[in-house]
Structure formats: C-alpha cells, structure tokens
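What follows is the residue order along each chain.
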Amino acid sequence: MSALMPTYAPADLAFEKGEGVYLYTADGRRFLDFCAGIAVNCMGHAHPHLVEALTSQAQKLWHVSNLYVIPGQIELAERLAQASFADRVFFSNSGAEALEGAIKIARKYQKDNGHPERYRVIGCENAFHGRTLATIAAAGQEKLLEGFAPVVDGFDHVAYGNLNEMRAAITDETAAILVEPVQGEGGLKAAPENYLKGLRDICDEFGLLLMFDEVQCGMGRTGKLFAHEWADIKPDVVATAKGIGGGFPLGAILTTEDAAVLGVGNHGTTYGGNPLAMAVGGAVLDELLKDGFMDRVIAMGEAVGAGLNALVEKFPTVFVEARGLGLMRGIKLAEGIDNRAFKSELEGAGLLVAPAGDNVLRLLPPLIIDATHVTEAMDTFAAVAARHAAA
Ligand SMILES: *Cc1c(COP(=O)(O)O)cnc(C)c1O
C-alpha cells in the first residue's frame, strides 16, 4: 500500500510529457487531452510563451512574501481590471481560497454598510465551490458534507435557474448570492441568459452582493474572458482560478470598487500572487487577449457543440443530451451507461475527458484546439458509442 492518502481514484495512467493538445505516457502512448487538467491547461501543454515566462522568472526570483511589493501583482491586477468589470484584484493559490475570500467579502461588505445582521449567502443546488469547510457548506451537496459536521453556518440553497425560488429565499440576514454562470462539476449546465440578469436585478433590489464562481467557466473558457459577460451584466465579485495560471497554481478574487472591502489585516496568503505565479498568469493573459483568440474559442466551441448534438442524434440509446457553452461542454449518458466507465473506454481509445455529476462527461479542451482535434474527439466518441449501441 502506498503512503499516499487515498483521496483520489485515478485512472491507471501516468503521463511523462505533454505537447499542445496531446499527452504522452512513458511507453509512448498518445492521448488527445479534452480534460486539460479540468479546465486548467487553457494553453495546452508546454506552450512556448508560458514555458519562457516561467523559466526566465525562475532564474530571477521565485518568492518573497507579501511583506514586500510584488510588481507583477500590480501589473496583472491592472490588466485583469482593464479587461473585465473589476476595479480590484486579490491573488490566491486556488479556487476554494478565492471563494473563501469572496464569502468574507460578502460578510464584511454588509457590516461596513451598516448591516452586520446580513451574513448569509444563497447558492444553488448541485453547485461546486471547492473542498474547504466554508466552500462545501456553500455548495451544500450532501456528498461533499458527509462526515464533516457541523456544517459552517450561513448558506442557503435554491434550484439553479429559478429566480422565484431565489427571491423567496431572501431574508433580513441575506448578504449575497453566489452562483456559477455555468455549473461545472454539477453536470455542466449553463444558466439561461435571463437568469443572471434576473439575479442582478434581485441583488440591486435587496442590497445584496452578486458573486459569481467563475473558477471553471472564467478565463476565456466560454469564449468571453468571463462567462457572465454573455448576459451583459456586471457582478460585484468574481472568484476565478483554474485557467488563470494555465497549470501554475493561481486564483483570484475580482471586485468592483464598492465591494473592495478587504484592507490591511483583513485577509492574506503566504504564496498568493508570488513572482512565479504572476509571470505565468501574465503570459496566459497575453495569449487570451490576443486579437481573434476568443473568436476561435467560440468557433471551436460551436464545432464541439454541433459534434455532440450529432452524437446524441446518431446514438439515442447511448446519449441523452448535449450541454454547455464555448469550450465548456457536456454530454449526458443514458441511464444504465455509467459516465466513469464510458470515460475509461474513451481513455482506452486515446481520448481524455472529465466526469461530472448527473451522469455527464465534460469536454474541457485546451482553448487552442483546432478543427482536426474536434474531429478526432468526435470520431473517438462515435467509435465507443457504436459498441454500446450494438450491445
Ligand atoms: C474547481 C472548482 C473550484 C475549486 O477550485 P480548487 O482550485 O480546486 O480549490 C471551485 N469552484 C468551481 C466552479 C470549480 O470548478
């Protein structure tokens, strides 16, 4: 038995190197990577610009702590603010930490505005916000909370996409609403466009902060820098991570000036925003903000979506429904076909995807894919589906 704590049940696969959209095992097998480290490797593997940013920074300075000025933080915060709704940015190491900070902001914002009694956050069923005590409470799913009682107080839940339930759940103690614009782990569900707009109206009416968890759907994943931009609204707080570091651990909280309530002594982290992270984060943003980059993400997203719809049509006994937005796509498998077993079969055929709740498989390829990769992935899906359809 290994000394490693058995918190994961990994596939029997270990990779030695990656190049672009492909991963390679030590014995030379090649895999098309439509998992991308669960929406992390947005620029694929060993992207030359990211490798250059990391290695040149590594020769100068890795870490100094936030006791000293880190110019890279000031610069990356400014660039993120320029490109988004935000005025202020805090850098963390992960998604869960960014969300912990967002929850702290919700409480402090209300206290600073004369409402210390408002501390509760309303979220959605089937949400995922990370694995810390507060973020499992924020998600509220039984499978995440089991064994870890007492549940951190201050979180309520309503059905995703339902504005009436959201409105009805607001009390004198509500501080904020926290929603994923596209639910990832929960089964790859995109919010209807009028849902996010409706949430904005509700927050304005009741004096609540509108907070989006864009850890998975942010950083260009849906063809906009942030997924909420599709709804043409401005949130108060956004937590992001995953793609922002392209594989280097990095997260961020973005806020408006009004919601930027964290000051000296209120919040902090040892590693967050260290020079290595800032160098790579800056290189990722260079690529994301290039002319035409998002147009290609949108075009490739439409190609994947069309391919998945065609699979559902061709194999109605295997697939139930195609879902998603941009390059954040899902396909729901028919009852009796286990998504994890199907995922293993795809791996056997050289294609990596990620599982999700609701018997869904997620396709989260690097944002740099081209049409040949889409065709290869769809052909592999079709080949595995054909075996099930014949059975
Ligand atoms: C992955 C994820 C998180 C947690 O991020 P970590 O970096 O694993 O802590 C939170 N919210 C969403 C929507 C995620 O997909």
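A quick note: this is a predicted structure, and the numbers were derived from the prediction, not measured. (Residues numbered from 1 in each chain as written. Predicted model: local features only at pLDDT ≥ 70, side-chain atom pairs only at ≥ 80, totals over all residues. Heavy atoms only, no water.)

Novice: What is the right way to read the sheet that holds strand β3 (residues 30–33) from this model?
Specialist: The strands that make up a sheet are held in pairs by hydrogen bonds between backbone atoms, and each pair lies either parallel or antiparallel. Across the sheet, which stays open at both edges, the four strands sit in the order β1-β2-β3-β15 with mixed pairing between neighbours. Of all strands in the sheet, those with a lone pairing partner are β1 (15–19) and β15 (351–352), marking the two edges. Pairing of strand β2 (residues 22–25) with β3 involves three bridges; the strand directions are antiparallel. Note on β3: the bridge partner recorded for leucine 23 is phenylalanine 31. Taken strand by strand, helix α12 (residues 371–390) contacts β2, β3 and β15, and its axis lies near 105° from that of β3. (Pairing = 2+ DSSP bridges. Helix = DSSP H or I, 4+ residues; strand = E, 2+ residues; numbered from the N terminus. Contact = heavy atoms within 4.5 Å. Axes fitted to C-alpha atoms, helices over the stretch in contact; angles between N-to-C directions.)

Novice: Help me out: how do you make sense of the packing of aromatic side chains in this one?
Specialist: Note on aromatic pairs: each is described by the distance of the centres and the angle between the planes. Using the criterion set out here, one finds six aromatic pairs in the structure. Between phenylalanine 15 and phenylalanine 31, the aromatic rings sit 5.5 Å apart at their centres with planes inclined by 75°, giving edge-to-face as the arrangement. Of this pair, phenylalanine 15 sits in strand β1 while phenylalanine 31 sits in strand β3; the two residues are 16 residues apart in sequence, bridging distant segments of the chain. Residue class for phenylalanine 31 comes out buried when judged on its relative accessible area of 2%. It is lysine 17 that lies over the ring of tyrosine 24; its NZ or CZ is 5.2 Å from the centre. Cation over ring: arginine 30 sits above tyrosine 22, and NZ or CZ is 3.8 Å from the ring centre. (Phe/Tyr/Trp six-rings, centres within 6.5 Å; stacked < 30°, edge-to-face > 60°. Buried < 20%, exposed > 50% of the residue type's maximum accessible area, 1.4 Å probe, protein only. Lys NZ or Arg CZ within 6 Å of the ring centre and 35° of its normal.)

Novice: How should I be thinking about the pairing of strand β13 (residues 319–325) in this particular structure?
Specialist: Along any regular strand the residues' side chains alternate between the sheet's two faces. Of the strand pairs in this sheet, β13 and strand β14 (residues 328–333) are connected by six bridges, and their pairing is antiparallel. Bridge pairing links arginine 323 to glycine 330 in β14. Counting the residues that bridge the hairpin from β13 to β14 gives two residues, and of these glycine 326 lies at a positive phi of roughly 55°.

Novice: What should I look at first to understand the layout of surface pockets in this one?
Specialist: Leftover empty space is mapped by rolling, across the atoms, a probe with the size of a water molecule. Of the voids in this model, the second largest pocket is the one considered here, and its volume is about 860 Å³. Lining the second largest pocket we find 28 residues, and of these Gln73, Val89, Phe90, Phe91 and Leu262 sit closest to its centre. Contributions of two or more residues to the lining of the second largest pocket are made by α3 (71–82), β4 (88–92) and β12 (251–255). Broken down by element, the residue count for the lining of the second largest pocket peaks at five residues, all from α3. Grouping the amino acids of the lining of the second largest pocket by side-chain chemistry returns 16 nonpolar, nine polar and three charged. (1 Å grid on protein atoms, 1.4 Å probe; cavity = no way out; pocket = protein on both sides within 12 Å on 5 of 7 lines; lining within 4 Å. Points joined across faces, edges and corners; volume = space filled by probe spheres on them. Nonpolar A, V, L, I, M, F, W, Y, C, P; charged D, E, K, R; others polar.)

Novice: Can you help me understand empty space enclosed by the protein in this one?
Specialist: Enumeration over the complete set of coordinates arrives at one cavity of 30 Å³ or more. As a volume, the largest cavity reaches approximately 40 Å³. Lining the largest cavity, in full, are Ala39, Cys42, Val215, Gln216, Gly218, Met219, Arg221, Lys242, Gly243 and Leu367. Classifying every residue of the lining of the largest cavity gives five nonpolar, three polar and two charged.

Novice: I'm lost on the pattern of salt bridges in this one. Help?
Specialist: A side chain of one charge can pair with a side chain of the opposite charge when the charged atoms of the two come close. Applying the stated criterion across every chain, the model contains 16 salt bridges. Across the pair arginine 120 and aspartate 153 runs a salt bridge, and its minimum N-O distance is 3.2 Å. Linking arginine 120 in strand β5 (residues 120–124) with aspartate 153 in the loop between α6 (142–145) and β6 (155–158), this pair joins segments that are 33 residues apart in sequence. Aspartate 153 gets classed as partly exposed once you look at its relative accessible area, which sits at 46%. Arginine 200 serves as the salt-bridge partner of aspartate 204, at 2.9 Å between the closest nitrogen and oxygen. Here aspartate 204 and its partner arginine 200 are both found in helix α8 (residues 193–206), four residues apart, which amounts to about one turn of the helix. Counted as one network, the salt bridges with shared partners bring together Glu321, Arg323, Lys332 and Asp358. (Salt bridge = Lys/Arg side-chain N within 4 Å of Asp/Glu carboxyl O.)

Novice: How should the pairing of strand β10 (residues 209–213) be read in this particular structure?
Specialist: Counting buried residues in β10 gives five out of five residues, a clear majority hidden from the surface. By the alternation rule, side chains of β10 split into Leu209, Met211 and Asp213 and Leu210 and Phe212, which are all buried. Of the pairings in the sheet, the one linking strand β7 (residues 174–179) to β10 comprises four bridges and is parallel in character. Residue valine 179 lies in a different strand from β10, and its bridge partner there is phenylalanine 212. Pairing geometry for β10 and strand β11 (residues 237–240), over three bridges, is parallel. By the bridge assignment, aspartate 213 is partnered in β11 with alanine 239.

Novice: Looking at this model, I keep getting lost on the site of the ligand. Mind explaining?
Specialist: By nearness alone, 13 residues border the ligand, and Gly95, Ala96, Asp213, Gln216 and Lys242 come closest of all. Between an oxygen atom of the ligand and a main-chain N or O atom of alanine 96, the distance comes to 2.8 Å. Within the backbone of phenylalanine 128, an N or O atom sits 3.2 Å from a nitrogen atom of the ligand. When the free accessible area of the ligand is taken as 380 Å², the share hidden by the protein chains comes to 81%. Within the shell around the ligand, the residues separate by chemical class into four nonpolar, five polar and four charged. (Near = heavy atom within 4 Å. Polar contact = N/O pair within 3.5 Å; in protein donor to acceptor, adjacent residues only side chain to side chain. Areas by Shrake-Rupley, 256 points an atom, 1.4 Å probe, with all protein chains shown as cover.)

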